[in-house]
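Topology and contacts: notes
Each chain, written out:
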Amino acid sequence: MNQFAVQGQQLLLGGMSMTQISQALGKEVFYAYDRDVITAQVHKFRQFMPSRIHLHYAVKANPYWPVVNHLRALVDGFDVASQKEMLLAIQTGMPAKDISFAGPGKGDAELRSAIELGVTLHVESVGELNRIHALGLAAGKTPQVALRVNPSFELKSSGMKMAGGAKPFGIDEEQVFDLLADFSAYAVKLRGFHIFCGSQNLKAESLIEAHQLTFALAAKLTAACPYKPEVINLGGGLGIPYFAGEKRLDIAAVGASLTALTEQYKQQLDGIELVIELGRFLVAEAGLYACKVLDKKQSRGTTYLVCNGGLHHHLSNSGNFGQVIRKNYPVAIANRMGQQDTEQVTVVGPLCTPLDILADRMELPKAEVGDWVVVYQSGAYGATASPQDFLGHPAVAEILL
Ligand SMILES: Cc1ncc(COP(=O)(O)O)c(C=O)c1O
């Protein structure tokens, strides 16, 4: 799973070894992101998807400012999940109409801010719609909204299911139709609909099935809508392989099916902007997490590499961000690439908890104190999805190269 160059025994990101990056940053624990890999992922998406589909970046996957700014020129819009992310998106110069704000439990200050900026609020409940209506009247502005629909179907084989059954996200499909029948009571501009079923899916057939159901629902919603929607967000969910044995998503098959669906629903969805929003697919493979071996010790037959980085910077790699059974992310010793002399080690971080594991019983090149441990597939849900203050160790640095 190494998408980066190797020179001698050194792994390079953006042409630099881990030691060079560390010296440039003045830090010994960092995330490094490769802008070319991000760009290539966007191109891969565009290569296989119908040109009608707009691509939005879900900022939550990696809100590091240079990453978001890099993507500004490559994508058609941003999906944000908080006021902070929304302001970040606005400051890249992305037009407000191409920024959507989804997520349950938006506070009044966040709603007011979105109304003021003209960002599209993805409405998660009838209660939220009532608050948006009242805040818009108070501000003398018309809120831009899209209804997030919790469909009756689910996205099968998804790392995280976010639709179907009872969910805190969106308004149940059956309630949405009742709401549309009486929608003129709301002083808001209904721009469209958002149907997000799930995340981290590697099975083309599951995504294809969900897309078929999503298009059918989108056509029904369009027919029931008092005005023609401007935009329908079809969700996302394209996954990337993290663990040994996982097969890459067949994006060509997903693209072919979407091309057929846009053709099939051409009339019903004519003139409506269709959006897919992706986070990890665009950035996860572009990132490495790098930390240094501080200690090497034996305990009753196990060799431990103890590092200066771990769970507090990279919660998802430790297995505590939604995994049921912990599996190892791909890991390497970045200054011993290709070394034949290997051994089985368990790589741990500096925290006093058995949860702080970077790699469990993995065969790696024989490493020494001062070597670089790197975790691949770390460009999404890393620094900002981790409890950095836990135990007060130094914060992790970031760099886009
Ligand atoms: C509404 C919404 N959009 C987009 C995403 C991004 O998902 P991913 O990073 O898997 O593409 C999420 C993830 O939780 C989400 O909740």
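Residues numbered from 1 in each chain as written. Predicted model: local features only at pLDDT ≥ 70, side-chain atom pairs only at ≥ 80, totals over all residues. Heavy atoms only, no water.

1. Overview of the site of the ligand
Taken together, 14 residues sit near the ligand, with S199, E277, G279, R280 and Y381 positioned nearest. Note that an oxygen atom of the ligand is positioned 2.5 Å from one of the side-chain N or O atoms of Y381. Against a free-state accessible area of 400 Å², the protein chains account for coverage of 93% of the ligand. Of all the cavities here, the one that holds the ligand is the second largest pocket. Its residues assigned to classes, the shell around the ligand comprises 5 nonpolar, 4 polar and 5 charged. (Near = heavy atom within 4 Å. Polar contact = N/O pair within 3.5 Å; in protein donor to acceptor, adjacent residues only side chain to side chain. Areas by Shrake-Rupley, 256 points an atom, 1.4 Å probe, with all protein chains shown as cover. 1 Å grid on protein atoms, 1.4 Å probe; cavity = no way out; pocket = protein on both sides within 12 Å on 5 of 7 lines; lining within 4 Å. Sits in = over half its atoms within 2 Å of the grid points. Nonpolar A, V, L, I, M, F, W, Y, C, P; charged D, E, K, R; others polar.)

2. As for the layout of surface pockets
In this structure, the largest pocket spans a volume of roughly 690 Å³. What lines the largest pocket is a set of 28 residues, among which G159, Q200, Y242, F243 and E246 lie closest to the centre. Looking at the lining of the largest pocket, the elements with two or more residues in it are β9 (158–161), β12 (198–201) and α8 (204–224). When residues of the lining of the largest pocket are assigned to their parent elements, the largest contribution, 3 residues, is made by β9. Here the residues of the lining of the largest pocket are counted per class, giving 12 nonpolar, 8 polar and 8 charged. In this structure, the second largest pocket occupies an estimated 490 Å³ of space. Looking at the second largest pocket, it is lined by 29 residues, and the ones nearest its centre are K60, M162, F196, S199 and Y381. Partitioning the lining of the second largest pocket into residue classes produces 14 nonpolar, 8 polar and 7 charged. (Points joined across faces, edges and corners; volume = space filled by probe spheres on them. Helix = DSSP H or I, 4+ residues; strand = E, 2+ residues; numbered from the N terminus.)

3. With respect to the environment of K189
Of note, K189 is situated in strand β11 (residues 189–194). When its relative accessible area of 32% is taken as the criterion, K189 is described as partly exposed. Along the backbone, K189 and T142 are 47 residues apart, and their C-alpha atoms lie at a distance of 6.4 Å. Each residue touching K189, except ones within four places of it in the same chain, is listed here: T142, P143, Q144, V145 and E230. (Buried < 20%, exposed > 50% of the residue type's maximum accessible area, 1.4 Å probe, protein only. Contact = heavy atoms within 4.5 Å.)

4. Describing empty space enclosed by the protein
For the coordinates displayed, the defined rule picks out 4 cavities of 30 Å³ or more. Roughly 120 Å³ of internal volume is contained in the largest cavity. Within the residue set of the lining of the largest cavity, elements represented by two or more residues are β6 (99–101), β7 (120–123), β11, β13 (231–233) and β14 (273–278). A total of 3 residues in the lining of the largest cavity trace back to one element, the largest contributor, which is β13.

5. Here we look at the pairing of β14
Here is the key point about a regular strand: its side chains alternate between the two faces of the sheet. In terms of residue burial, β14 counts as a mostly covered element, since 5 of its 6 residues are buried. As paired elements, strand β4 (residues 53–58) and β14 share 5 bridges and run parallel to each other. Each bridged residue has a counterpart across the sheet, and for H56 the counterpart in β14 is E277. Bridging between β13 and β14 involves 3 bridges; their strand directions are parallel. Note on β14: the bridge partner recorded for I232 is L274. Since β13 and β14 lie parallel, the crossover through helix α9 (residues 251–264) that links them has a hand, and here it is right-handed. (Pairing = 2+ DSSP bridges. Right-handed = clockwise from strand over helix to strand, strands pointing away.)

6. Concerning the nonpolar core
Counting 126 residues, the largest nonpolar core has M18, Y57, L71, L147 and L282 as the members making the most contacts within it. Each residue touching L71, except ones within four places of it in the same chain, is listed here: I38, V42, Y57, F78, L282 and V283. (Core = buried A, V, L, I, M, F, W, Y, C linked by side-chain atoms within 4.5 Å.)

7. Overview of the domain arrangement of the protein chain
Many authors give the size of an interface as the accessible area that is lost as the parts come together. Domain annotation for the protein chain reports domain 1 (5–32 + 285–400) and domain 2 (63–278). For domain 1 and domain 2, the distance between their C-alpha centroids amounts to 35 Å. The partner domain 2 presents 11 residues to the 12 residues of domain 1 that form the contact. Interface area lost by domain 1 to domain 2 is led by E285, E398 and L400, which between them contribute 43%. Run the count over domain 1 and domain 2 and you get 1 salt bridge. Among the salt bridges present, the one from R248 reaches E285, with a minimum N-O distance of 2.8 Å. A class-by-class count of the residues in the side of domain 1 that touches domain 2 yields 5 nonpolar, 4 polar and 3 charged. (Domains from an automatic or database assignment. Buried area = accessible area lost by both parts, 1.4 Å probe. Salt bridge = Lys/Arg side-chain N within 4 Å of Asp/Glu carboxyl O.)

8. Section: unusual backbone geometry
The residue Q200 is not glycine, and still its phi comes out positive at about 50°. In this fold, Q200 is placed in strand β12. Unusually for a residue other than glycine, R300 sits at a positive phi of about 45°.

9. Things to note about the packing of aromatic side chains
Counted by the stated rule, this structure contains 12 aromatic pairs. Ring plane angle 10° and centroid distance 6.4 Å describe the contact between F4 and Y376, whose orientation is recorded as stacked. One end of the pair, F4, is in the segment before β1 (5–7); the other, Y376, is in the loop between β20 (372–375) and β21 (397–400), with 372 residues separating them in the sequence. Since its relative accessible area comes to 5%, Y376 is described here as buried. Taking 5.6 Å as the distance between ring centres and 55° as the angle between the ring planes, the aromatic pair formed by F30 and W372 counts as tilted. (Phe/Tyr/Trp six-rings, centres within 6.5 Å; stacked < 30°, edge-to-face > 60°.)

10. What about the packing of helix α4 (residues 83–91) against helix α5 (residues 108–117)?
As a packed pair, α4 and α5 sit with axes 10 Å apart at the nearest point and diverge in direction by 20°. By the criterion of interaxial angle, the relationship of α4 to α5 is roughly parallel. Considering only the axes of α4 and α5, their crossing is left-handed. In contact with Q83, M86, L87 and I90 of α4, α5 contributes A109, E110, S113, A114 and L117. Here the residues of the contact of α4 with α5 are counted per class, giving 6 nonpolar, 2 polar and 1 charged. (Axes fitted to C-alpha atoms, helices over the stretch in contact; angles between N-to-C directions. Parallel < 35°, antiparallel > 145°, perpendicular 65-115°, else oblique. Left-handed = near helix turned anticlockwise from the far one by under 90°.)

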